[in-house]
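# A structural walkthrough
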2 protein chains.
Amino acid sequence: MKVEKISELTTNRLSVYLRCLNELSAKGIKTVSSDDLAKRFHLNSAQIRKDLAYFGEFGVRGVGYYVDNLRQDLTKILGLDKPHNVGIIGAGRMGTALADYYEYSQTNFSVVALFDTDKAKVGQKVGNVKIHDIKKFEELVKKEEIDVAVIAVPAQYAQDILEMVVKVGIKAIMNFAPIPLKAEENIKIRTVDLTISLESLSYFLAQPTGENGKIMKPIAKNRRIKKK
Amino acid sequence: MKVEKISELTTNRLSVYLRCLNELSAKGIKTVSSDDLAKRFHLNSAQIRKDLAYFGEFGVRGVGYYVDNLRQDLTKILGLDKPHNVGIIGAGRMGTALADYYEYSQTNFSVVALFDTDKAKVGQKVGNVKIHDIKKFEELVKKEEIDVAVIAVPAQYAQDILEMVVKVGIKAIMNFAPIPLKAEENIKIRTVDLTISLESLSYFLAQPTGENGKIMKPIAKNRRIKKK
DNA sequence: CAATACTGTTTCAAGTGTGAAACAATTTTT
DNA sequence: AAAAATTGTTTCACACTTGAAACAGTATTG
C-alpha cells in the first residue's frame, strides 16, 4: 500500500465505485472482480485496483471483491459512515433549491440550516429547514454541529462569506457562486460553476465541427484592433 | 495563432475572463493589461495571453486590451452572442430547481420546456415554463428550437434519456444524474455530480491532517478478508 | 527619437494522470 | 498437484497542463 498523497481524482472515483457496488448489491451480486466491475460500468480495471491499493488490500486473489465488504470499506474511507450537517448560506433560488434537493436525497448529509441577510426571509422555512439571520451563523454552527457549508450567494459577496465561514472553524465548503474562492490550504473548497458549464456547451455549439465531430479550429486571424 | 485543438480548460478560463471583464466594464475601466487582469483576479498573465492567442490577436502591444472589445470578442468566441434554448428533462426537485434558477439568471440561455413522464406533473408550470410529456420531446425540440438539453432524471434512466436526446439531434447536454454517460464523440456532455462533490468533502473531513493541513496518509494496511 | 509598456509566441522543465503490460502472490477449481 | 483466476504492485510510455522565461514586435509616452 502506498502512503503518498491521494489525488482528488482518485477519491472521486471511489465515490463512483461505491455507487456501482451499491447497484450490484441491490441486484444481489455478492462478489465482483475488478475486470467485471470495469466492464459493467465502463471503467478501467487497472485503475480500480490501483485506486483501492492506496487504502489497503480489499480483494481476494483468485476471487475478486466481496461486494458488501468493499461497500463498507469505501463508505468508511469516504467518511460516509458518519453523519454530516450542512448549513446553506444564501436563501435565494440556488440556496433553497439545494436545500430542497439535499433534504430529500437519502444521504448522510442533513441540511440543518439556511442563512440569509434578508429580514423578509429570516424565520421562514424551506421544507423543514429554517432560514436564519446570517449573524447567527456561528451560534448555529456550534448548536447544530454544522461541518459543511454551502455558499450560494451572489459572486460579489462570496469571498467575504467564505472568510466568515472559515473563521468559525468550518473546513469543508461547497461553492455555487460563479467565482473562484481562495482560502488556506487546510480548507477544502469545491466550486460548482453552472455558468461555466453552460458556457462551455455554448462554445461547443458555436464551433465548426469536422466529419469526425472534433472541433476543428478557432476563428480567423488578423483581427486587429484599430488605433483609436 | 495556433489552430490546434482547444482544451476545455482553456475555454473554461475564457468564461472566467469574460466575467472579469464584465466586472471591469461595470466599474468603467476601459483598458486592462494581462498583468493587471491577473493581479486583480488571481490569474496568471502568461496563461491569459496564451489562452487568447488561440483565437486571435485581441490586444494592443504597449497598451493591453480594450475591455469592451475583448468582452465582445470573448462573447462571440463562446457563442454567447446567440440565444440558446434549453429543455430540461425531469421535473423533479433538481429539474424544477434548475428551471427556476436559470429562468431568473440573466443569460442568453432560456429554459423553454420541462419534460417528465409523470402524468400528474404534465401540464403544470414552474415559473413560466410548462411541463410537457416526454413523448413530445422531439416535437418541442423542433418547435422551440431547443439546442441544449439538461438531464435531471434518476441515474437509472439517464443513459436511455441521453440516447433519446441525441437521436433528436441535440448536441450539447448537461447531465445532473449522478452517473457518467457515454455518447459519440461529436456530442458534448457536461456532468455535474453533486453527490461526488459532497462525498469528496466528506472524505476530506474524514482524513487525518498534518500541521500543514495536507492530508497525510490513508488508513492502515493488513485489512484482509478472511476466507469464508 | 529613445525609453517604456505590453502583447504574441516559443521553448522548456516540472508535475500529474492514464492505460497498458508484466508478474509474483494467493486462492479456487479441476 | 496442476491449472486457472484474479489481486496487488511496479514500471513505462504517453499526453496534458502549468508556469516561467525569454524575446521580438508594436504602440505609447516623454
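What comes next is a walk through the structure. (Residues numbered from 1 in each chain as written. Chains lettered and ligands numbered in written order. Predicted model: local features only at pLDDT ≥ 70, side-chain atom pairs only at ≥ 80, totals over all residues. Heavy atoms only, no water.)

### Regarding the pairing of strand 3 (residues 84-89) of chain A
All names here are of chain A. Counting buried positions over the six residues of strand 3 gives six, a clear majority of the element. Burial along strand 3 is two-sided: the face carrying His 84, Val 86 and Ile 88 and the face carrying Asn 85, Gly 87 and Ile 89 are both buried. For strand 3 and strand 4 (residues 109-116), the ladder comprises six bridges, and the chain directions are parallel. Each bridged residue has a counterpart across the sheet, and for Ile 88 the counterpart in strand 4 is Leu 114. Traced from strand 3 through helix 5 (residues 93-104) to strand 4, the parallel crossover comes out right-handed. One ladder, built from four bridges, connects strand 3 with strand 7 (residues 148-151); its direction is parallel. What sits directly across from Ile 89, in strand 7, is Ile 151. (Buried < 20%, exposed > 50% of the residue type's maximum accessible area, 1.4 Å probe, protein only. Helix = DSSP H or I, 4+ residues; strand = E, 2+ residues; numbered from the N terminus. Pairing = 2+ DSSP bridges. Right-handed = clockwise from strand over helix to strand, strands pointing away.)

### Some details on the side chain of Ser45(A)
Residue and element names in this part refer to chain A. Within the element layout of this structure, Ser 45 appears in helix 3 (residues 45-53). The buried category is assigned to Ser 45, whose relative accessible area is 16%. Those residues within four positions of Ser 45 in sequence are excluded, and the remaining contacts are Ser 34, Asp 35 and Ala 38. (Contact = heavy atoms within 4.5 Å.)

### Points about the protein's contact with DNA strand D
Neighbouring DNA strand D are 28 residues, the closest being Ser34(A), Gly59(A), Tyr65(A), Arg13(B) and Arg61(B). Backbone sugar and phosphate groups make up 73% of those atoms of DNA strand D lying within 4 Å of the protein. A distance of 3.2 Å separates a base oxygen of DNA strand D from a polar atom in the backbone of Gly62(A). Lys50(B) has a polar side-chain atom sitting 3.2 Å from a base oxygen of DNA strand D. Mapped onto the surface near DNA strand D, the elements with two or more residues apiece are helix 3 of chain A together with helix 1 (8-26) and helix 3 (45-53) of chain B. Tallying contributions element by element places helix 3 of chain A first for the surface near DNA strand D, with three residues. Across the surface near DNA strand D, the residue classes break down as nine nonpolar, eight polar and 11 charged. (Near = heavy atom within 4 Å. Polar contact = N/O pair within 3.5 Å; in protein donor to acceptor, adjacent residues only side chain to side chain. Nonpolar A, V, L, I, M, F, W, Y, C, P; charged D, E, K, R; others polar.)

### A few points about the protein's contact with DNA strand C
Residues in contact with DNA strand C amount to 30 residues; listed here are only the nearest, Ser34(B), Gly59(B), Arg61(B), Gly62(B) and Tyr65(B). Within 4 Å of the protein, the atoms of DNA strand C are drawn from sugar and phosphate moieties in a proportion of 71%. The contact in question runs from a phosphate oxygen of DNA strand C to an N or O atom on the side chain of Arg13(A), over 3.0 Å. Within the backbone of Ser34(B), a nitrogen or oxygen atom sits 2.4 Å from a phosphate oxygen of DNA strand C. When residues of the surface near DNA strand C are traced back to their parent elements, those giving at least two are helix 1 (8-26) and helix 3 of chain A together with helix 3 of chain B. In the surface near DNA strand C, the residues fall into nine nonpolar, nine polar and 12 charged.

### A short note on the sheet that holds strand 6 (residues 129-133) of chain B
The pairing of strands in a sheet happens through backbone hydrogen bonds and is either parallel or antiparallel. All names here are of chain B. Strand order in the open sheet made by the seven strands is 5-6-4-3-7-8-9, with mixed pairing throughout. Where the open sheet ends on each side, the last strands, each with one partner, are strand 5 (125-126) and strand 9 (188-191). On top of the sheet, helix 5 (residues 93-104) reaches strand 3 (84-89), strand 4 (109-116), strand 5, strand 6, strand 7 (148-151) and strand 8 (172-175); it is set at about 160 degrees to strand 4, its chief contact. (Axes fitted to C-alpha atoms, helices over the stretch in contact; angles between N-to-C directions.)

### Details of helix 8 (residues 194-206) of chain A
Note on helix geometry: an α-helix contains 3.6 residues per turn, so any two residues three or four positions apart are oriented the same way. All names here are of chain A. For helix 8, spanning 13 residues, the distance from its first C-alpha to its last is 18 Å, which sits close to the expected 18 Å at 1.5 Å a residue. Of all 13 residues in helix 8, 10 are buried; the element is thus mostly enclosed. All of the buried residues in helix 8 are Leu 194, Ile 196, Ser 197, Leu 198, Glu 199, Ser 200, Leu 201, Ser 202, Tyr 203 and Phe 204. Backbone nitrogen of Thr 195 and a side-chain oxygen of the N-cap are separated by 3.1 Å at the start of helix 8; the cap is Asp 193. (Expected span 1.5 Å × (residues − 1).)

### Some points on the nonpolar core
Within the largest apolar cluster, 100 residues are counted, with the highest numbers of intra-cluster contacts made by Leu74(A), Met174(A), Leu194(A), Leu74(B), Met174(B) and Leu194(B). Residues in contact with Met174(B), not counting those within four places in the same chain, are Leu194(A), Ser197(A), Leu198(A), Leu201(A), Tyr102(B), Ala149(B), Val150(B), Ile151(B), Arg190(B) and Val192(B). (Core = buried A, V, L, I, M, F, W, Y, C linked by side-chain atoms within 4.5 Å.)

### A word on helix 7 (residues 155-167) of chain B
Residue and element names in this part refer to chain B. Over its 13 residues, helix 7 runs 19 Å from end to end, which matches the ideal 18 Å to within 8%, given 1.5 Å per residue. Looking only at helix 7, the buried set comprises Ala 158, Gln 159, Ile 161, Leu 162, Val 165 and Val 166. For helix 7, the elements touching its buried residues are strand 3, helix 6 (137-144), strand 7, strand 8 and strand 9.

### Structural notes on the pattern of salt bridges
According to the stated counting rule, one finds 20 salt bridges over all chains in the structure shown. Two residues, Arg19(B) and Asp193(A), come together in a salt bridge whose shortest N-O distance is 3.0 Å. Of this pair, Arg19(B) sits in helix 1 while Asp193(A) is found in the loop between strand 9 (188-191) and helix 8, placing the two residues in two different chains. On the basis of relative accessible area, Asp193(A) is assigned to the buried category, the value being 12%. Here Asp51(B) makes a salt bridge to Arg13(B), at a shortest N to O gap of 2.7 Å. One end of the pair, Asp51(B), is in helix 3; the other, Arg13(B), is in helix 1, with 38 residues separating them in the sequence. Using a relative accessible area of 2% as the deciding quantity, one classes Asp51(B) as buried. Through salt bridges with shared partners, a single ionic network connects Glu8(A), Lys188(A) and Arg190(A). (Salt bridge = Lys/Arg side-chain N within 4 Å of Asp/Glu carboxyl O.)

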